[in-house]
Amino acid sequence: MGLQEQLDAFVSKINLVATPGASPGALITAALVPDPLTTGLLDEVAGLTRTTFLLKMLRFGDAALPGPGISIADFLGVAGQVLGGQAMPAISVEMPGPALPGARIPVKELSNQGTAGPGTVVNLNGLTVNEDVPKAADGSLPQQPALGKKSDAGTGAGHSVDDVLSGVPGIVGVVESGSAQLPLSVRLDWTFAVGDRTTMVEARRTAALGIVPPLEFVDLGAGTELTMTIGVTGTVTVQDPVAGITASSELSRSVTVQFPGIAIPRLLGLFTWPLYGTQPAVDRSNPNQDSLLLMLPADSPLSGLDSVSSTVGSVLRTVESAVSLLSAPLPVDAVAPFGSAGDFVAQLSPLLSALSTLAATLAKANLDDYVPVTVVKATAPSDHSSVHGGVADIRPYIWHTWGAFGAGHDHYHDNAQSFLWMAPQGGQTIVYRGSGYQAAADDAGLGSASGTMTLTAGATCLAGIRDFRPAPDAVDPGLSPSAISPVSTAVLEGRFTNETAPTNEGDWAWTNSFEFL
């Protein structure tokens with residue numbers, strides 16, 4: 001098999017795998033398996049091999065060889081089989097100086113002869129016995145090691161590990177051989193597609209990525225699983241330094257992976273205080289003058305205060321978790337093809353603020369004559385083109401009774417001070433001055449004045465009117481920053497007060513019906 005064929009065969013085995021993020025904001029991972037950057041290619045064509053020898057000279061307990069079916073490794077592991085390594089002699093030569101310590105002169109009997117008497121020095125051709133011939137009796141000669149110590153029983157059986165000269169000499173060798181690996185070089189282009197949006201990261205020299213998913217908002221109850229298609233194309237190259245040839249193989253893979261979106265409930269909040277119930281209205285500072293009329297589309301899965309409170313709390317926790325994940329430092333191999341993590345945090349922050357405000361309002365307790373929150377679910381009008389239904393007349397709804405025998409009532413329809421519209425991007429609601437989705441006023445004494453206002457949720461899933469009187473179409477820049485596209489809009493036609501144009505907080509306004517598109 002040639003180098004090109006071998007490379008093609010290797011590339012054909014590479015797969016693209018992806019793992020979805022567990023929650024909104026969590027990274028999606030994608031990787032080529034096996035990774036061509038770390039695997040390498042075996043060079044069988046040029047015959048590049050490596051062979052490694054390891055030899056050890058050992059001392060064995062006996063001369064027996066391993067029997068049939070017994071591996072060398074098992075044989076060497078038997079207790080007492082290997083006594084240790086073979087000893088190597090150490091030789092010390094001192095120059096210049098007298099004869100080597102322990103050296104022997106030719107065998108010859110030396111005696112003190114002559115007339116000098118015992119103890120006298122005999123000079124034999126320059127050899128001085130007292131200086132140059134050590135006497136064994138005085139311990140100056142080194143002890144000769146035994147060639148294999150005997151056992152305690154004196155039978156000669158057995159050897160001692162401590163005796164460096166005991167045992168049967170032998171050699172054990174290990175030979176390793178294998179093909180050398182040639183490194184691969186890779187150039188990859190990554191593409192990411194969600195819906196009709198496709199982005200590319202070019203010339204990425206890595207085979208594994210962490211991917212910051214886009215922020216996707218879906219209608220509550222519609223399912224939150226979304227799909228991303230990840231594709232990778234490129235070239236894998238290998239060079240044989242021995243044969244001097246280069247081979248390249250094209251790579252093209254794709255995989256789809258699901259990731260979760262954020263489910264957003266459609267709801268319209270009418271607050272009887274400005275700033276979404278956080279600032280007292282003019283001449284209405286008593287807390288029991290602060291209430292919220294919360295209107296839901298006809299097809300909303302929510303119904304009643306408990307389900308609204310539970311869902312708002314759940315979405316709030318989801319958004320908090322996403323902000324936390326996106327605020328953390330990203331791995332070095334992470335990419336954000338649909339926008340930076342910082343941009344996504346900026347997009348989620350207004351939503352987090354609005355959900356927190358709603359959650360605090362929904363937690364307020366009812367008093368005897370005061371209702372802090374009223375939940376109304378829309379109906380589907382048979383004579384109108386609404387998609388999600390509407391509330392044809394809110395005039396019957398009150399939140400506060402006062403006066404003798406409860407004769408006085410506070411109505412929502414003429415006390416709107418701020419609005420909060422929440423829906424996935426592009427969701428719309430229409431506020432009508434008259435009831436029955438009519439622009440013209442239908443209250444006695446209001447004349448022929450008429451007005452409508454269409455709120456469209458932007459990229460933050462919000463459209464907020466901080467102060468409906470006297471500026472009904474002034475979109476809250478805090479909930480829809482101009483830097484985040486698209487910006488929420490409020491399109492006003494006509495007016496909601498009897499003043500032209502409304503001039504102050506005391507100008508009464510009428511908002512009698514609402515529609516969800």
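Every value quoted in this text rests on a predicted model; they were computed, and no experiment measured them.

Trainee: Please set out the overall build of the protein residue by residue, giving values where relevant.
Mentor: Secondary structure assignment for the protein yields 7 helices and 29 strands. Each of the 517 residues in the protein was classed as buried or not, and the buried ones make up 40%. Counting contacts in the protein only where the partners sit at least 6 residues apart, residues at least 24 apart contribute 71% of the total.

Trainee: I'd like to hear about the nonpolar core, residue by residue, with values.
Mentor: Counting residues in hydrophobic clusters, the biggest one holds 70 residues, and the most contacted among them are Trp 190, Phe 192, Ile 211, Met 228, Ile 230, Leu 348 and Leu 358. Examining the composition of this core, we find that 9 residues originate from one element, helix H7 (residues 341-362), more than from any other. In this structure, Ile 230 is in contact with Leu 16, Ala 18, Ile 28, Ala 30, Trp 190, Thr 191, Phe 192, Ile 211, Arg 253, Ser 254, Val 255 and Val 257, ignoring residues within four places of it in sequence. Grouped together as the second largest cluster of nonpolar side chains are 27 residues, Ile 394, Tyr 412, Met 453 and Ala 457 included.

Trainee: Lay out the side chain of Arg 59 in plain terms, naming residues and giving numbers.
Mentor: Considering the arrangement of structural elements, one finds Arg 59 in strand E4 (residues 49-60). Taking the relative accessible area as the measure of exposure, Arg 59 reaches 6% and is therefore buried. Within polar-contact distance, the side chain of Arg 59 engages the backbone oxygen of Gly 85 at 2.9 Å.

Trainee: So, the packing of helix H6 (residues 305-327) against H7: which residues are in play, and what are the values?
Mentor: For the pair H6 and H7, the least separation of the axes is 9 Å and the interaxial angle reads 155°. For the element pair H6 / H7, the angle class is roughly antiparallel. Between H6 and H7 lies a crossing whose hand is left-handed. Listed contacts from H7 to Leu 305, Val 308, Ser 309, Val 312, Val 315, Leu 316, Val 319, Glu 320, Ala 322, Val 323, Leu 326 and Ser 327 of H6 are Ala 341, Phe 344, Val 345, Leu 348, Leu 351, Leu 352, Leu 355, Ser 356, Leu 358, Ala 359 and Leu 362. Here the residues of the contact of H6 with H7 sort into 19 nonpolar, 3 polar and 1 charged.

Trainee: Run through unusual backbone geometry, naming residues and quoting values.
Mentor: Across the junction of Val 33 and Pro 34, the peptide omega takes the value -5°, indicating a cis bond. Tracing the backbone through its elements, the reader meets Pro 34 in the loop between strand E2 (28-33) and helix H2 (36-39). Residue Pro 486 is reached from Ser 485 by a cis peptide bond, and omega for that bond is 0°. Note on placement: Pro 486 falls in the loop between strand E27 (462-465) and strand E28 (489-494). Phi is positive for Cys 461, which is not a glycine, with a value near 65°. Mapped onto the secondary structure, Cys 461 falls in the loop between strand E26 (451-456) and E27. When its relative accessible area of 0% is taken as the criterion, Cys 461 is described as buried.

Trainee: I'd like a rundown of the sheet that holds E26, residues and numbers included.
Mentor: With antiparallel pairing, 5 strands are arranged side by side in an open sheet as E21-E29-E25-E26-E28. Every other strand in the sheet has two partners, leaving strand E21 (390-391) and E28 as the edge strands with one partner each. Bridge count between E21 and strand E29 (residues 513-516): 2 bridges; the pairing is antiparallel. Opposite Val 391, over in E29, you have Phe 514 as the bridge partner.

Trainee: Please provide a residue-by-residue account of a nonpolar patch on the surface, values included.
Mentor: On the surface, Leu 55, Met 57 and Ile 171 cluster together to form a nonpolar patch covering roughly 340 Å² of accessible area. Inspection of the secondary structure puts Ile 171 in strand E8 (residues 168-179).

Trainee: Now, about the sheet that holds strand E24 (residues 418-422): what can you tell me, with residues and values included?
Mentor: Strand order in the open sheet made by the 5 strands is E20-E18-E17-E24-E27, with mixed pairing throughout. In this open sheet, the two strands that pair with only one neighbour each are strand E20 (373-377) and E27. Across this sheet, the average inter-strand angle for adjacent strands is 15°, counted without regard to direction. Sheet topology places strand E17 (residues 267-271) next to E24; 5 bridges connect them, and they run antiparallel. Pairing of Phe 271 across the sheet is with Ser 418, part of E24. Each of E17, strand E18 (292-296), E20, E24 and E27 touches H7; the most contacted strand, E24, lies at about 115° to it.

Trainee: Talk me through the packing of aromatic side chains; I want residue IDs and the actual numbers.
Mentor: Tallying each qualifying case throughout the model produces 7 aromatic pairs. With centroids separated by 5.8 Å and ring planes inclined at 25°, the aromatic side chains of Trp 421 and Phe 516 adopt a geometry described as stacked. A residue pair is termed long-range when its members are at least 10 positions apart, and Trp 421 in strand E24 and Phe 516 in strand E29 qualify at 95 residues. Each member of the pair Trp 421 and Phe 516 is classed as buried.

Trainee: Would you mind going over H6 in detail, with residue names and values included?
Mentor: Because each turn of an α-helix spans 3.6 residues, side chains separated by three or four positions in sequence point in the same direction. End to end, H6 covers 33 Å across 23 residues, agreeing with the expected 33 Å (1.5 Å per residue, within 8%). Of all the residues in H6, the buried ones are Val 308, Thr 311, Val 312, Gly 313, Val 315, Leu 316, Val 319, Ala 322, Val 323 and Leu 326. Of the surrounding secondary structure, the elements contacted by the buried residues of H6 are strand E16 (262-264), E18, H7 and E20.

Trainee: Summarise the side chain of Gln 347; cite the residues concerned and give the values.
Mentor: Residue placement: Gln 347 occurs in helix H7. With relative accessibility at 13%, the residue Gln 347 sits in the buried group. With residues up to four places along the chain from it excluded, the contact list for Gln 347 reads Leu 215, Phe 217, Ala 459, Thr 460 and Ile 484.

Trainee: Quick rundown of the confidence of the model for the protein? Include the residues and the values.
Mentor: Within the protein, residue pLDDT values average 82, and 77% of them lie at 70 or more. Note on residues 43-47: pLDDT is under 50 here. Beyond four places in sequence and across chains, it has 13 contacts. Scored below 50 in pLDDT, residues 104-114 makes 11 contacts in the model with residues more than four places away or belonging to other chains.

Calculation criteria
- Residues numbered from 1 in each chain as written.
- Predicted model: local features only at pLDDT ≥ 70, side-chain atom pairs only at ≥ 80, totals over all residues.
- Heavy atoms only, no water.
- Helix = DSSP H or I, 4+ residues; strand = E, 2+ residues; numbered from the N terminus.
- Buried < 20%, exposed > 50% of the residue type's maximum accessible area, 1.4 Å probe, protein only.
- Contact = heavy atoms within 4.5 Å.
- Core = buried A, V, L, I, M, F, W, Y, C linked by side-chain atoms within 4.5 Å.
- Polar contact = N/O pair within 3.5 Å; in protein donor to acceptor, adjacent residues only side chain to side chain.
- Axes fitted to C-alpha atoms, helices over the stretch in contact; angles between N-to-C directions.
- Parallel < 35°, antiparallel > 145°, perpendicular 65-115°, else oblique.
- Left-handed = near helix turned anticlockwise from the far one by under 90°.
- Nonpolar A, V, L, I, M, F, W, Y, C, P; charged D, E, K, R; others polar.
- Pairing = 2+ DSSP bridges.
- Patch = residues over 30% accessible without salt bridge, like charges linked within 9 Å, V, L, I, M, F, W, Y side chains within 5 Å.
- Areas by Shrake-Rupley, 256 points an atom, 1.4 Å probe, with all protein chains shown as cover.
- Salt bridge = Lys/Arg side-chain N within 4 Å of Asp/Glu carboxyl O.
- Phe/Tyr/Trp six-rings, centres within 6.5 Å; stacked < 30°, edge-to-face > 60°.
- Expected span 1.5 Å × (residues − 1).
- pLDDT = per-residue confidence, 0-100.

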